[in-house]
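Letter by letter, the chains look like this.
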Amino acid sequence: MFSVKPMMLSSIALSTALLLAACNTTGQNDMASDWSSVTGKDWQLTMVVDGDKMLSPTAPVVASANFADDGKVSGSNGCNSYFGTYTQNAENLTFSPLGATRMACINTGMDVENAFNNATGQVANWQISDGMLVLSDSNGKAVMKFAPSAP
């Protein structure tokens, strides 16, 4: 009788694990476990959080990111070109302090640039959701969203 109980408990545990795994994959996030789906592409910023404000840059203010396979990141922060490095491990992502050019900004360029620079310091995780690159802080709050740039 003792040999039946462990087998039944194992079956229940396995069933529970499979059910939880199935529930985890049915959401709208299509988490790409393969970072190569992000690298080598130009991503255009569609949303950045700055404190309690959310900014959605529009032309002529365009912010972007390009993550190279070698750990370098570059693009535009809305006004200036930036460059630096990143560290990615599974779903974790962090940026080094970024260097940038210092040109004059037009329209809301400086607001977007400041929000962009602040947000890169908060990024802790990444995921692909509905085709968008979503960068989140350590609490899981999205701080930046990027769409793939048109070719």
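An account of the accompanying structure is given in this report. (Residues numbered from 1 in each chain as written. Predicted model: local features only at pLDDT ≥ 70, side-chain atom pairs only at ≥ 80, totals over all residues. Heavy atoms only, no water.)

1. A short note on the pairing of strand S1 (residues 42–50)
Consideration 1: Relative to strand S3 (residues 64–67), S1 is paired through 3 bridges, and the arrangement is antiparallel. Within the sheet, the bridge partner assigned to Trp43 lies in S3 and is Ala65.
Consideration 2: The pairing of S1 with strand S10 (residues 142–148) spans 5 bridges and is antiparallel. Bridge pairing in S10 links Val48 to Met144.
Consideration 3: Bridging between S1 and strand S2 (residues 53–55) involves 3 bridges; their strand directions are antiparallel. Looking at the pairing, Asp50 lines up with Lys53 of S2.
Consideration 4: Connecting S1 to the next strand, S2, in antiparallel fashion are 2 residues, including Gly51 with a positive phi near 65°. (Pairing = 2+ DSSP bridges. Helix = DSSP H or I, 4+ residues; strand = E, 2+ residues; numbered from the N terminus.)

2. Focus on the state of the cysteines
Consideration 1: What the rule picks out here adds up to 1 disulfide.
Consideration 2: Paired through a disulfide, Cys79 and Cys105 show a sulfur-sulfur distance of 2.0 Å. The sign of the S-S torsion, about -115°, decides the handedness of the disulfide formed by Cys79 and Cys105: left-handed. Here the residue Cys79 occupies a position in the loop between strand S4 (72–76) and strand S5 (81–89), and Cys105 occupies one in the loop between strand S7 (99–100) and helix H2 (109–120), the gap between them amounting to 26 residues.
Consideration 3: A residue is classified by how much of its surface remains accessible, and Cys79, at 13% relative accessible area, is buried.
Consideration 4: Residue classification places Cys105 among the partly exposed positions, given a relative accessible area of 26%. (Disulfide = S-S within 2.5 Å. Buried < 20%, exposed > 50% of the residue type's maximum accessible area, 1.4 Å probe, protein only.)

3. Thoughts on the packing of aromatic side chains
Consideration 1: According to the stated counting rule, one finds 7 aromatic pairs in the structure shown.
Consideration 2: Judged by centre distance (5.3 Å) and plane angle (80°), the ring pair of Phe67 and Tyr86 falls under edge-to-face. Note that Phe67 is positioned in strand S3 and Tyr86 in strand S5, a separation of 19 residues in sequence.
Consideration 3: In this structure Phe67 comes out as buried when scored by relative accessible area, which is 0%.
Consideration 4: Aromatic pair Phe67 and Phe95: ring centres 6.0 Å apart, planes at 45°, arrangement tilted. Remark: Phe95 occurs in strand S6 (residues 92–95) and Phe67 occurs in strand S3; sequence separation between them is 28 residues.
Consideration 5: What makes Phe95 buried here is its relative accessible area of 16%.
Consideration 6: Taken together, the ring pairs connect Trp35, Phe67, Tyr86, Phe95 and Trp126 into an aromatic cluster. (Phe/Tyr/Trp six-rings, centres within 6.5 Å; stacked < 30°, edge-to-face > 60°.)

4. Section: the nonpolar core
Consideration 1: Counting residues in each nonpolar core, the largest one holds 27 residues, and the members touching the most others are Phe67, Leu93, Leu133, Leu135, Met144 and Phe146.
Consideration 2: The set of elements that each furnish at least two residues to this core consists of S1, S3, S5, S6, H2, strand S8 (125–129), strand S9 (132–136) and S10.
Consideration 3: In terms of residues, this core owes the most to one element, H2, which gives 4 residues.
Consideration 4: Met144 has contacts with Leu45, Met47, Val48, Phe116, Ala119, Thr120, Val123, Leu133, Val134 and Leu135, leaving out every residue within four places of it along the chain. (Core = buried A, V, L, I, M, F, W, Y, C linked by side-chain atoms within 4.5 Å. Contact = heavy atoms within 4.5 Å.)

5. A few points about H2
Each turn of an α-helix holds 3.6 residues, which means side chains three or four residues apart point in the same direction.
Consideration 1: Across its 12 residues, H2 extends 16 Å between first and last C-alpha, which sits within 8% of the 16 Å expected from 1.5 Å per residue.
Consideration 2: Of all the positions in H2, only Gly109, Val112, Glu113, Ala115, Phe116, Ala119 and Thr120 are classed as buried. (Expected span 1.5 Å × (residues − 1).)

Function cannot be read off these values alone, since they describe shape.
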